[in-house]
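Below are the chains, spelled out letter by letter.
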Amino acid sequence: MAPAYKLTYFDFTALGEPIRFLLSYGGIEFEDNRIQRANWPALKPSTPFGQVPILEYNGKLAYQSIAICRYLAKQVKLVGKDDWEDLEIDATVDTITDLRLKFAQYIFERDEQAKKEKEKQTLFNETIPYYMEKLDAMAKRNNGYLAVGRLTWADLFFVSMLDYISLMAKKDIIGGSPNLQIVRENVLKIPSIKAWIEKRPKENL
Ligand SMILES: N[C@@H](CCC(=O)N[C@@H](CS)C(=O)NCC(=O)O)C(=O)O
């Protein structure tokens, strides 16, 4: 029987990977439908807002990666124990997204060279250190997790996104953040996550 869940995304990690991590964490089988760029224009109009990832389940279709992650986190019990904990987890996830977007804005914009060089300086010398210092302190306060002192979907979200962010940064962005390295270890040592990383396509970060 085909798996109940079908994830459609491009053939790389980025916004698809937190979803793949959460499904794998929960031992939920899924069809990992990886589309090639050449096939995207044909598929795009059939998606709710012309973007992926999308997740199909039981004849229904979901979009927006963070909303999908939050739903899956509930399914696999990686949410908070009350609304306030969920707020802390959500804020952490949004902060990671803010950080990702700062890289994406720099990488994908087409500004003239001099302006871009100045933006690069600000990003690497000010913005990233600012975020990494604060995130590292959060990981320290939370005993090797990002929020609420134990494993939640914020940790899976962060670690699943690290390869992609580091690729954009052209360096291991948590290289100087010992507590975030513990977060990474705590996630990567989970057997179902380990198994997913061994199984997933190696060539496409
Ligand atoms: N907020 C959306 C953003 C989705 C998004 O930016 N998707 C990109 C790939 S990472 C996409 O579909 N790009 C192709 C296009 O816009 O044509 C989410 O989190 O799901």
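Below is a short write-up of the structure. (Residues numbered from 1 in each chain as written. Predicted model: local features only at pLDDT ≥ 70, side-chain atom pairs only at ≥ 80, totals over all residues.)

Section: the packing of helix α5 (residues 113-141) against helix α7 (residues 178-188)
Working step 1: One way to put it is that α5 packs onto α7 with a least axis distance of 7 Å and a crossing angle of 60°. Judged on the interaxial angle alone, α7 and α5 are oblique. You can see that α5 and α7 cross each other, and the crossing is left-handed. Contact residues: α5 offers Leu135, Asp136, Ala139 and Lys140, while α7 offers Asn179, Leu180, Ile182 and Val183.
Working step 2: Taken together, the residues of the contact of α5 with α7 sort by class into 5 nonpolar, 1 polar and 2 charged. (Axes fitted to C-alpha atoms, helices over the stretch in contact; angles between N-to-C directions. Helix = DSSP H or I, 4+ residues; strand = E, 2+ residues; numbered from the N terminus. Parallel < 35°, antiparallel > 145°, perpendicular 65-115°, else oblique. Left-handed = near helix turned anticlockwise from the far one by under 90°. Contact = placed C-beta atoms within 7 Å. Nonpolar A, V, L, I, M, F, W, Y, C, P; charged D, E, K, R; others polar.)

Points about the sheet that holds strand β1 (residues 5-10)
Working step 1: Spatial strand order, β2-β1-β3-β4: 4 strands in an open sheet with mixed pairing. Since the sheet does not close on itself, it has two edges, and those belong to β2 (30-35) and β4 (60-63), each with one partner. Ignoring which end each strand starts from, the neighbouring axes of this sheet average 20° apart.
Working step 2: Relative to strand β3 (residues 54-57), β1 is paired through 4 bridges, and the arrangement is antiparallel. When the bridges of β3 are listed, Lys6 appears paired with Glu56.
Working step 3: Along the sheet, helix α1 (residues 17-25) makes contact with β1, β2 and β3, crossing β1 at roughly 155°. (Pairing = 2+ DSSP bridges.)

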